[in-house]
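Examining the three-dimensional arrangement
Residue strings, one per chain:
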Amino acid sequence: MTTSMPSLLFGAIADDLTGGTELASMLVARGISTGCTVGLQAPIPSGNLAHVILLKTRVIAASDAVRQVLEAADRLAEAGARQIFFKYCATFDSTPAGNIGPCAEALLDRLGGGVTLFTPALCETGRTVYQGHMFGGAQLLAESPKRFDPLTPMTDSNLVRVLQAQSKGRVGLVPCLTVDAGTEAIRNTIREQSARGETLLITDTIRERDLAAIAEAAFDLPLMTGNSSVAAHLPPAWLAHGLLKTGDLVAASLPAVNGPAMVLAGSVADRTIEQLERFAQSNPLLTIDLASAFAGDDVVAEARAFAERHLPDAMIAIATTAPQVTVEALQEAHGRETVAARAEAILAGIAQILVRELGVRRLVVAGGETAGSVVKALGIDRIAMGAYEGPGLSRAIAHLPGLPSDPLALMLKSGKLGGANIFTDVLQDMTRPSTIAPAIDTWPPTRPTTGKAS
Ligand SMILES: Nc1ncnc2c1ncn2[C@@H]1O[C@H](COP(=O)(O)OP(=O)(O)O)[C@@H](O)[C@H]1O
Ligand SMILES: O=C(O)[C@@H](O)C(=O)COP(=O)(O)O
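Residues numbered from 1 in each chain as written. Chains lettered and ligands numbered in written order. Predicted model: local features only at pLDDT ≥ 70, side-chain atom pairs only at ≥ 80, totals over all residues. Heavy atoms only, no water.

1. Side note on the site of ligand 2
For the record, the criterion: What makes a residue near a molecule or strand is one non-hydrogen atom of that residue sitting within 4 Å of it. Any N or O atom pair separated by 3.5 Å or less is treated as a polar contact, with the protein-specific requirement of one donor-capable and one acceptor-capable atom, and with residues adjacent in sequence counted only for side-chain atom pairs. In these tables, accessible area is a Shrake-Rupley quantity obtained with a 1.4 Å probe, and a residue counts as shielded only by the protein chains included in the view. Where helices and strands are cited, they refer to DSSP runs of H or I of at least four residues and of E of at least two residues respectively, numbered from the N terminus. Residue polarity is assigned by list, with Asp, Glu, Lys and Arg as charged and Ala, Val, Leu, Ile, Met, Phe, Trp, Tyr, Cys and Pro as nonpolar; anything else, Gly included, falls into the polar class. Segment limits for the domains were obtained from an automatic or database-derived domain assignment.
With respect to spatial proximity, 16 residues lie near ligand 2, and among them Thr18, Glu22, Arg58, Lys87 and Lys416 are the closest. Gly415 is positioned with one of its backbone polar atoms (N or O) 3.3 Å from an oxygen atom of ligand 2. When the free accessible area of ligand 2 is taken as 350 Å², the share hidden by the protein chains comes to 95%. Per-element tally for the shell around ligand 2: the top contributor is helix α1 (residues 17-30), with three residues. For the shell around ligand 2, a count of residues per class yields three nonpolar, seven polar and six charged. Here the shell around ligand 2 gathers at least three residues from each of two domains, domain 1 (10-251) and domain 2 (253-436).

2. Looking at the packing of helix α13 (residues 324-334) against helix α14 (residues 336-357)
Worth spelling out the cut-off: Inter-axis angles, ranging from 0 to 180 degrees, are taken between N-to-C directions of lines fitted to C-alpha atoms, where helices are fitted over the stretch in contact. The labels follow the angle: roughly parallel below 35 degrees, roughly antiparallel above 145, roughly perpendicular from 65 to 115, and oblique for the rest. Rotating anticlockwise by less than a right angle from the far helix to the near helix defines a left-handed crossing, while the corresponding clockwise rotation defines a right-handed one. Residues count as neighbours in contact if any of their non-hydrogen atoms are within 4.5 Å of one another.
The contact between α13 and α14 brings their axes to 7 Å, and the two run at 110°. The angle between α13 and α14 places the two elements in the roughly perpendicular class. The handedness of the crossing between α13 and α14 comes out as right-handed. Contact residues: Leu330, Gln331 and His334 in α13; Arg336, Thr338 and Val339 in α14. In terms of residue class, the contact of α13 with α14 is built from two nonpolar, three polar and one charged.

3. Description of the site of ligand 1
Neighbouring ligand 1 are 20 residues; Ser267, Thr320, Glu344, Glu369 and Thr370 lie closest to it. Between ligand 1 and Glu344, the relevant distance is 2.6 Å, taken from an oxygen atom to a side-chain nitrogen or oxygen of the residue. Starting from 570 Å² of accessible surface for ligand 1 in isolation, the protein chains cover 96%. Among the secondary structure elements, those contributing two or more residues to the shell around ligand 1 are α14 and α15 (368-377). With four residues, the top contributor of residues to the shell around ligand 1 is α14. Here the shell around ligand 1 gathers at least three residues from each of two domains, domain 1 (10-251) and domain 2 (253-436).

4. Quick word on the pattern of salt bridges
Applied cut-off: By convention in these notes, a salt bridge is any Lys or Arg side-chain nitrogen within 4 Å of a carboxyl oxygen on Asp or Glu. Accessibility here uses a 1.4 Å probe with only protein chains present; expressed as a share of the type maximum, an area under 20% marks a residue as buried, one over 50% as exposed, and anything in between as partly exposed.
According to the stated counting rule, one finds 26 salt bridges in the structure shown. With a shortest N-O distance of 3.3 Å, Asp93 and Lys416 are connected by a salt bridge. Taken together, the positions of Asp93 in the loop between β4 (84-87) and α3 (100-111) and Lys416 in the loop between β19 (403-413) and α16 (422-429) put the pair 323 residues apart, joining distant regions of the chain. A relative accessible area of 3% places Asp93 in the buried class. As a salt-bridge pair, Asp220 and Arg187 come within 2.9 Å of each other at their nearest N and O atoms. One end of the pair, Asp220, is in the loop between α7 (208-218) and β11 (223-226); the other, Arg187, is in helix α6 (residues 183-195), with 33 residues separating them in the sequence. Assessed through its relative accessible area of 21%, Arg187 is described here as partly exposed. Residues joined by salt bridges that share partners form a network here, namely Asp15, Asp16, Arg58, Asp93, Lys146, Asp149 and Lys416.

5. Remarks on the domain arrangement of the protein chain
Interfaces are often sized by the amount of accessible area the parts lose when they come together. For clarity, the threshold we go by: What gets called buried area is simply the loss in accessible area from a 1.4 Å probe that two parts show on being joined, summed for both.
Here the protein chain is partitioned into domain 1 (10-251) and domain 2 (253-436). For domain 1 versus domain 2, the distance between C-alpha centres works out to 27 Å. Facing 34 residues of domain 1, the contacting portion of domain 2 comprises 34 residues. Regarding the contact of domain 1 and domain 2, the summed buried area is about 2700 Å², with carbon and sulfur atoms giving 65% of it. The tally of links between domain 1 and domain 2 comes to three salt bridges. A salt bridge links Lys56 to Glu369; the nearest nitrogen and oxygen atoms lie 3.0 Å apart. Where domain 1 touches domain 2, the interface holds ten residue pairs in polar contact (both at pLDDT 80 or more). For the side of domain 1 that touches domain 2, the element with the most residues is α1, which contributes nine residues. In terms of residue class, the side of domain 1 that touches domain 2 is built from 19 nonpolar, six polar and nine charged.

6. Some points on empty space enclosed by the protein
Worth spelling out the cut-off: Using a 1 Å grid laid over the protein atoms alone, points where a 1.4 Å probe fits but cannot get out form a cavity; open sets with protein on both sides within 12 Å along at least 5 of 7 lines form a pocket; any residue with an atom within 4 Å of a point counts as lining. Grid points are joined across faces, edges and corners, and a volume is the space filled by probe spheres set on the points.
This model, assessed by the stated rule, comprises one cavity of 30 Å³ or more. Looking at the largest cavity, its volume works out to about 30 Å³. If you go around the largest cavity, the residues you meet are Leu254, Pro255, Arg395, Ala396, Ile397, Ala409, Leu410 and Met430. If you list the elements that add at least two residues to the lining of the largest cavity, you get β18 (395-400) and β19. With three residues, β18 is the single largest residue contributor to the lining of the largest cavity. Among the residues making up the lining of the largest cavity, the classes are represented as seven nonpolar, no polar and one charged.

What follows is the structure, given as structure tokens:
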């Protein structure tokens with residue numbers, strides 16, 4: 001008799017790096033061994049129950065995004081994944097051209113199943129969906145700061161309409177009363193709606209228990225889509241359906257890492273600005289003026305000089321944040337994509353110098369697009385995730401090509417998440433080893449080390 005390696009229970013494709021590491025860290029917190037690779041080149045290691053491929057496809061051309069997610073899905077399918085999950089932002093970050101709709105439809109065509117769900121809600125942060133409308137706390141999405149996002153301004157709160165505008169198939173809604181009625185009601189509705197030709201179904205989602213019911217209803221769909229939060233409820237469904245045993249669950253551990261510490265922030269979200277302001281109350285912060293970069297100033301050299309003045313004694317932060325009026329003026333002058341690409345290239349260049357030459361070994365990057373550029377510039381293609389500890393708190397370890405014995409403690413923070421003190425708290429936490437037992441019975445997990453941070 002031959003024994004084969006256990007197949008992957010779950011293969012995920014994330015459209016950006018902050019969200020993708022968040023998803024991997026949630027599975028790790030549940031006790032699921034989870035691999036995490038960046039881009040399409042790194043091999044998928046065997047022996048894990050789940051794997052997340054981190055892409056940077058949120059705002060690229062839809063055709064390129066589709067090509068990449070299909071290649072990622074093929075690789076995960078080859079590794080034996082029994083379900084593919086397409087991960088996007090809780091605030092449904094996309095443009096009228098996509099890329100949530102085109103990617104999900106291409107995946108659905110490739111994987112079959114005929115229908116998939118869209119569950120973006122992240123209830124623990126107050127991001128909910130009611131009657132198809134997304135809320136951030138009491139604010140409709142289009143009335144929240146998300147309407148000013150530099151790359152994906154969200155000006156319509158009705159996700160059924162938003163998704164329909166970027167999809168060929170028909171979009172429907174699994175309404176809150178159905179979700180509240182539980183798993184069987186959700187499964188019946190999925191069947192009825194797909195029989196009517198509605199194959200792309202937004203789910204109303206208000207409470208954490210709604211996420212659990214939706215995950216239980218969707219655990220056997222070939223394709224599921226949403227934010228990390230719904231995927232975090234899949235492991236209990238796997239246990240209930242005999243796909244997983246409690247003996248398969250593993251504790252998550254992270255080693256202590258010392259060495260110079262830095263925050264790089266390319267997010268201009270209000271939350272990140274607040275976090276930088278708090279950090280700057282007791283640590284040096286350099287804010288790069290993008291207008292002067294466009295005028296030809298060597299802002300990377302300026303950042304190196306700033307870092308040399310302060311490292312290794314202080315933790316430092318370097319950011320491209322600017323008030324909304326300045327962001328808009330820059331975008332008017334140079335174009336939205338050009339400004340974003342310039343800011344990302346500057347921060348990626350700074351990361352290379354500070355990590356490779358000045359020895360930074362504790363790094364927090366704020367912003368998903370920014371994180372994609374920084375991680376690529378550092379040549380990191382696989383990330384060992386620690387356990388999710390709360391919104392914005394997904395620590396990891398990466399090994400730098402050429403310096404494999406020199407780990408980099410890394411956290412890729414969603415621009416819009418995390419508490420005010422997150423930067424100092426996390427950089428300090430990185431100096432302590434941690435082991436966290438699987439949170440299989442309770443969710444969201446309690447925060448053992450960083451109670452102050454979220
Ligand atoms: N001052 C600025 N003006 C305009 N765009 C900026 C500025 N600073 C950074 N950006 C760009 O804004 C985008 C922010 O996206 P991202 O890094 O994903 O953050 P978030 O997680 O908040 O969405 C990046 O592409 C970044 O390069
Ligand atoms: O919902 C979230 O905030 C995350 O899951 C996520 O995708 C983060 O994306 P960015 O806000 O662009 O960092």
